[in-house]
Amino acid sequence: MGYVLQMKNISKTFGEVAALHDVNFEVGDNEIVGLLGDNGAGKSTLVKIITGYHQPDTGGEVLWKGAPLEHFSVARAHAIGIEVVYQERALADKQSLWRNIFMGRELTTAGGKLDVKRMRAETLKLMHSAMGFTSSAITTESTVKTFSGGERQGVAITRALYFRAELVILDEPTMGLSISETRKALDFVRSIKAAGKSAIFIDHNIFHVYPVADRIVVLDRGTIAGQFMKNELTLQELTDRLYDVAKTGNLKT
Amino acid sequence: MSSDEIARPLSKTARRGPTSRFLRKYALQLGIVAVALIVWVLFLIGAPRTFLSKEIYVSFMSTTPYFALIAIPLTLVIITGEIDLSFASVMSFGMVGYDVVFVATGSVWLGFFACLVCGLIAGLVNGMIVVKFGVPSLVATIGTWYLWRGVVLVITNGTGLGMTATTTTALHDIVVGRVFGLIPMQFFWTIGVGAIIWFFLNRHRFGAHVYLTGDNIESARLMGVNVGRVKILAFTIVGLVAAFAGFVVSAELLFYWPTLGDGYQLTTIASVFLGGTSVFGGTGTIFGTFVASFIIGAINAGIVASGLTNFWTQLIYGLIIVASVSIQTLLGRKLT
């Protein structure tokens, strides 16, 4: 199997604090990787390196489809097809739905003039197809702060899909969602797999990660504590081992 | 029960028919127009002789642009979640550029050009201090407010400059001439600056990023918006327009006083907040600021015409700022 993303010997320190230490991490073609870890394990830092928001310390290497990524940035990550659905959901509350969908990637005509008409039309199309908003109460002009948690997640997920992501990173997408909304989010992860794309699914709830992931990676205190293919392990075995990780910092594989 | 189930009844109330949606969307703009009409009627009753003559309206169109011009770009800065208090000194700093270059070359046009360049630089410096050093803009621009005023006083040694030389050039007519011998050109400049900035705020990528930066700076950054550049540009535009406004005042009065700009702080900031721009960033309109600045201008004239002393103006402007910011905050909480 080929890899979309390979990270070799990645470290990241903030001042005195080592958030990541010598991490080797990869995502295969059309693979859903579940990334588990406690708060402060370094999950968010790892994600922010993948999205170009943080630069890793020197010595590490990031490869995209086998080619090294240099001068990596958020814009470049977008351009090559890395999309994130953040836990804080990355929406601008006081702005309209269409402005949120096209946030940072506005459709423009010559000279940077906004193509408002096209953005509204595209948003309307997405509302009925991907987001499943059928209520006449929501329009392209609705401000996002009036939306429910599930609706907001839908906006963020749809935004990722619209921009033809190759690798979708879901940062705790089920946090704060109701049971039915969680199921919707998990269905979306399956749809990424069905569409032939890859995803990194970050959560600390193993019951959400286990059913949809192909491979599970456990991060602990800035290092990879262990990883395994899902079919090697039952959910019960995984749960037991995670308790061990919490105690010893190591996962028996 | 999940958190969104609790939120749901609230979000239902936020969704009504299209008429209600229109009212909601333009609530602030409609509100400010209503306030303008009420203020006008009050003054018509309070001082009918003044407010029924056309002179007072010509006077509004002549003097309101002094601060309305700056309030318009200042709206951009406040939408990004920052503030600029230094613009009054920048008005004078720009004119120092004019002063020095005019005295050296004798050219009004070169002086005017130098004035704009000085304003541009002053605005850029504000933006750089805020973005590159991470100093809160409130503190940074209090600093530059005194800094530029100090530079002005040191260079001019406190003495002013006659501006009669401008009347021999077309520039005077272009900037502060009278159309049909009546309507001051600075009024059209205010509309022009308003229209241009409205376009960039509402119909250009720059404006979209201005709103996103002020609304949720973290997500804007995560989505690849260059928030630093957006803020620097907003500050720079304020500096440029402040210098232009300084030239307008000096050309109109035919004299440049080094203290130029003192007294416009309150009126300018009051215009932006009265116009409905959020003190928390993320929302605000050019239309609101434009209408509000004429309300402020009318209040100034109205106070005097109603027989109150000029001492009342500061009290009333202060009250307007406090009241409009408080009302906005309360309403904002209700509507969420």
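Residues numbered from 1 in each chain as written. Chains lettered and ligands numbered in written order. Predicted model: local features only at pLDDT ≥ 70, side-chain atom pairs only at ≥ 80, totals over all residues.

## Let's talk about the sheet that holds strand β9 (residues 215-220) of chain A
Residue and element names in this part refer to chain A. Taken in spatial order, the six strands make up an open sheet running β6-β7-β8-β3-β9-β10, and their pairing is mixed. Either end of the sheet is taken by a strand with one partner, and the two such strands are β6 (82-85) and β10 (223-229). Within this sheet the neighbouring strands show an average axis-to-axis angle of 20 degrees, counted without direction. (Pairing = 2+ DSSP bridges. Helix = DSSP H or I, 4+ residues; strand = E, 2+ residues; numbered from the N terminus. Axes fitted to C-alpha atoms, helices over the stretch in contact; angles between N-to-C directions.)

## Some thoughts on unusual backbone geometry
In most cases, non-glycine residues show a negative phi, while peptide bonds are predominantly trans. The phi dihedral of N30(A) is positive, around 50 degrees, even though this residue is not glycine. By secondary structure assignment, the location of N30(A) is in the loop between β2 (17-28) and β3 (32-37). By C-beta crowding, N30(A) is classed as partly exposed, having 17 other C-beta atoms within 10 Å. Even without glycine at this site, L254(B) takes up a positive phi of about 60 degrees. When the 14 C-beta atoms within 10 Å are taken as the criterion, L254(B) is described as partly exposed. (Buried ≥ 20, exposed ≤ 12 C-beta atoms within 10 Å, placed from the backbone.)

## A look at helix α4 (residues 116-128) of chain A
All names here are of chain A. Taking 1.5 Å of rise per residue, 13 residues should cover 18 Å, and α4 covers 19 Å from first to last C-alpha, within 8% of that figure. Inspection of α4 places M119, T123, L126 and M127 among the buried residues, and these make up the whole buried set. Viewed along the axis of α4, the buried residues span an arc of 100 degrees, placing them on a single side of the element. Of the exposed residues in α4, the ones pointing more than 90 degrees away from its buried face are K117, K125 and H128. (Expected span 1.5 Å × (residues − 1). Arc of directions from axis to C-beta.)

## Observations concerning the packing of helix α7 (residues 87-105) of chain B against helix α8 (residues 108-132) of chain B
Residue and element names in this part refer to chain B. Direction vectors running N to C along α7 and α8 enclose 145 degrees, while the axes themselves pass 7 Å from each other. In the crossing of α7 with α8, the sense of the turn from one axis to the other is right-handed. Within the contact between the two elements, α7 uses V90, F93, G94, M95, V96, G97, Y98, V101, F102 and T105 and α8 uses V108, L110, G111, F112, A114, C115, L116, V117, C118, G119, A122 and G123. Classifying every residue of the contact of α7 with α8 by side-chain character gives 16 nonpolar, six polar and no charged. (Left-handed = near helix turned anticlockwise from the far one by under 90°. Contact = placed C-beta atoms within 7 Å. Nonpolar A, V, L, I, M, F, W, Y, C, P; charged D, E, K, R; others polar.)

## Examining the confidence of the model for chain B
Residues and elements named next belong to chain B. With 93% of its residues at a pLDDT of 70 or more, chain B shows a mean pLDDT of 88. pLDDT under 50 marks residues 1-15. Its contacts with residues more than four places away, or in other chains, come to 18 contacts. Overall fold confidence for the complex sits at a pTM of 0.82, while the interface term, ipTM, reaches 0.80. (pLDDT = per-residue confidence, 0-100.)

## Observations regarding the domain arrangement of chain A
Residue and element names in this part refer to chain A. Looking at chain A, the domain boundaries give domain 1 (3-93 + 144-248) and domain 2 (95-142). Inter-centroid distance (C-alpha atoms) of domain 1 to domain 2 is 27 Å. Residue-level contacts link twelve residues of domain 1 with twelve residues of domain 2. Counted by class, the side of domain 1 that touches domain 2 contains seven nonpolar, four polar and one charged residues. (Domains from an automatic or database assignment.)

## Focus on the interface of chain A and chain B
With 31 residues of chain A at the contact, the number on the chain B side is 28 residues. Of the residues forming the side of chain A that touches chain B, the biggest block, three residues, is contributed by helix α2 (residues 74-80) of chain A. In terms of residue class, the side of chain A that touches chain B is built from 13 nonpolar, eleven polar and seven charged.

## Here we look at the sheet that holds strand β4 (residues 61-64) of chain A
Pairing between the strands of a sheet comes from backbone hydrogen bonds, and it takes one of two forms, parallel or antiparallel. Residues and elements named next belong to chain A. The strand order across the open sheet formed by four strands is β2-β1-β4-β5, and the pairing between neighbours is antiparallel. The sheet is open, and its two edges are formed by β2 and β5 (67-68), each paired on a single side. Inspection of the sheet shows β4 paired to β5 by two bridges, in the antiparallel sense. Paired with L63 across the strands is P68, a residue of β5. Of the strands in this sheet, β1 (3-14) and β2 touch helix α1 (residues 43-50), which is tilted by about 60 degrees from β2.

## Some details on the pairing of β2(A)
All names here are of chain A. Bridge count between β1 and β2: eight bridges; the pairing is antiparallel. Opposite K12, over in β2, you have L20 as the bridge partner. Taking the residues between adjacent antiparallel strands as the criterion, β1 and β2 are bridged by two residues, where G15 takes a positive phi near 65 degrees.

## Some points on the environment of T169(B)
You can see T169(B) is positioned in the loop between β1 (161-162) and α10 (170-176). In this structure T169(B) touches V108(B) and W109(B), once residues within four positions along its chain are discounted.

## Points about the packing of helix α12 (residues 205-215) of chain B against helix α14 (residues 227-253) of chain B
Residue and element names in this part refer to chain B. Taken N-terminus to C-terminus, the directions of α12 and α14 make an angle of 105 degrees; their axes are 10 Å apart at the nearest point. In terms of orientation, α12 and α14 fall into the roughly perpendicular class. In this structure, α12 uses F206, H209, V210 and T213 to contact α14, whose residues at the interface are V227, V230, K231, L233 and A234. Here the contact of α12 with α14 is composed, by residue class, of six nonpolar, two polar and one charged. (Parallel < 35°, antiparallel > 145°, perpendicular 65-115°, else oblique.)

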